[in-house]
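# Remarks on the overall topology
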Amino acid sequence: MEKTDRTHYKVLIVSDQEKNSTKLFSVSLELFITFFAAIALLIIALLIYCYLLTGEQNTSNRHMKSYQVQSEELTKQNIDLMKENKELKEKVTILSDTVNNKVYQEEKREAEKIQSYIPTGFPMKGVASYEEKELDGNPSVIFQASARTSVIATANGTVSSIAGSAEAGYIVMIDHNNGYYTIYRNNAEPRVKEGDSVTNETTLFHIETGNETLGYQIIQDEKFIDPLRLMDISG
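Conventions we followed
- Residues numbered from 1 in each chain as written.
- Predicted model: local features only at pLDDT ≥ 70, side-chain atom pairs only at ≥ 80, totals over all residues.
- Heavy atoms only, no water.
- Helix = DSSP H or I, 4+ residues; strand = E, 2+ residues; numbered from the N terminus.
- Buried < 20%, exposed > 50% of the residue type's maximum accessible area, 1.4 Å probe, protein only.
- Areas by Shrake-Rupley, 256 points an atom, 1.4 Å probe, with all protein chains shown as cover.
- 1 Å grid on protein atoms, 1.4 Å probe; cavity = no way out; pocket = protein on both sides within 12 Å on 5 of 7 lines; lining within 4 Å.
- Points joined across faces, edges and corners; volume = space filled by probe spheres on them.
- Nonpolar A, V, L, I, M, F, W, Y, C, P; charged D, E, K, R; others polar.
- Patch = residues over 30% accessible without salt bridge, like charges linked within 9 Å, V, L, I, M, F, W, Y side chains within 5 Å.
- Salt bridge = Lys/Arg side-chain N within 4 Å of Asp/Glu carboxyl O.

## Quick notes on the overall build of the protein
For the protein, the count of helices and strands is one helix and 13 strands. Helices (α) and strands (β) of the protein occur, in sequence order from the N terminus, as β-β-α-β-β-β-β-β-β-β-β-β-β-β. Per-residue burial over the protein gives 23% buried out of 235 residues. Here the protein has roughly 17300 Å² of accessible surface; of this, 55% comes from carbon and sulfur atoms.

Take a look at the structure:
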């Protein structure tokens, strides 16, 4: 068996202090190479680790940036949704107010319409004196007015009948289509005819000289009632 010679290297370690002795070490070539190979591998491992760590950090940064972008986008969407929700609430409020106002106006018009058929009005356009008196055994009010005063209907309705004559006096009856009837008695010729629709502005008679009285009666549900219970005597 052939013996292989090994090359040895000597390492001299000299202290910078005079008292310390100089040391001499002998290192084989294989050990020297092994040592530097280990150092090289360690450096390579460190470089690979740093590279991988940097890659992971970059990946993490990219993910973080992506999450940040998503968060900003979600925040913007949330702000837009809140704004849209506020606008929708305002629209709902406006629509609700509009509907409520419309319902109120319709109810008001309906109430006014119903009220317009109740004979609460004053049967004269102008000033007149009055006294309570029975006619045919039923309550009535007798008005005294000056010539050319207009006698008007006290509420909306339809002329249901006209009876009498100039000598005996005319009787105009108005049906208010709600259980109320009003009766107007005067000797002047009526200005309306049966079937006419009337309002509280419709003229029924013109008071004439020598014929200045008006008899006025109200029927409610087929019974005569005191007209002063309903009538606005300040008319």
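## Some thoughts on unusual backbone geometry
For D136, which is not glycine, the phi dihedral falls at a positive 55 degrees. Take D136: it is sitting in the loop between strand 4 (129–135) and strand 5 (138–144). With a phi angle near 60 degrees, N177 is a residue other than glycine that sits in the positive phi range. Topologically, N177 is positioned in the loop between strand 8 (169–175) and strand 9 (180–186).

## Quick look at the layout of surface pockets
Roughly 160 Å³ of volume is contained in the largest pocket. Considering the residues around the largest pocket, the lining is formed by 13 residues, among which A168, R185, N186, N187 and G215 are closest to the centre. Those elements that provide at least two residues to the lining of the largest pocket are strand 8, strand 9 and strand 12 (213–220). Classifying every residue of the lining of the largest pocket gives six nonpolar, six polar and one charged.

## Re a nonpolar patch on the surface
Taken together, the side chains of F32, I33, F35, F36, I39, I43 and L47 make up a nonpolar region of the molecular surface, amounting to roughly 690 Å² of accessible area. On the secondary structure map, F36 appears in helix 1 (residues 29–115).

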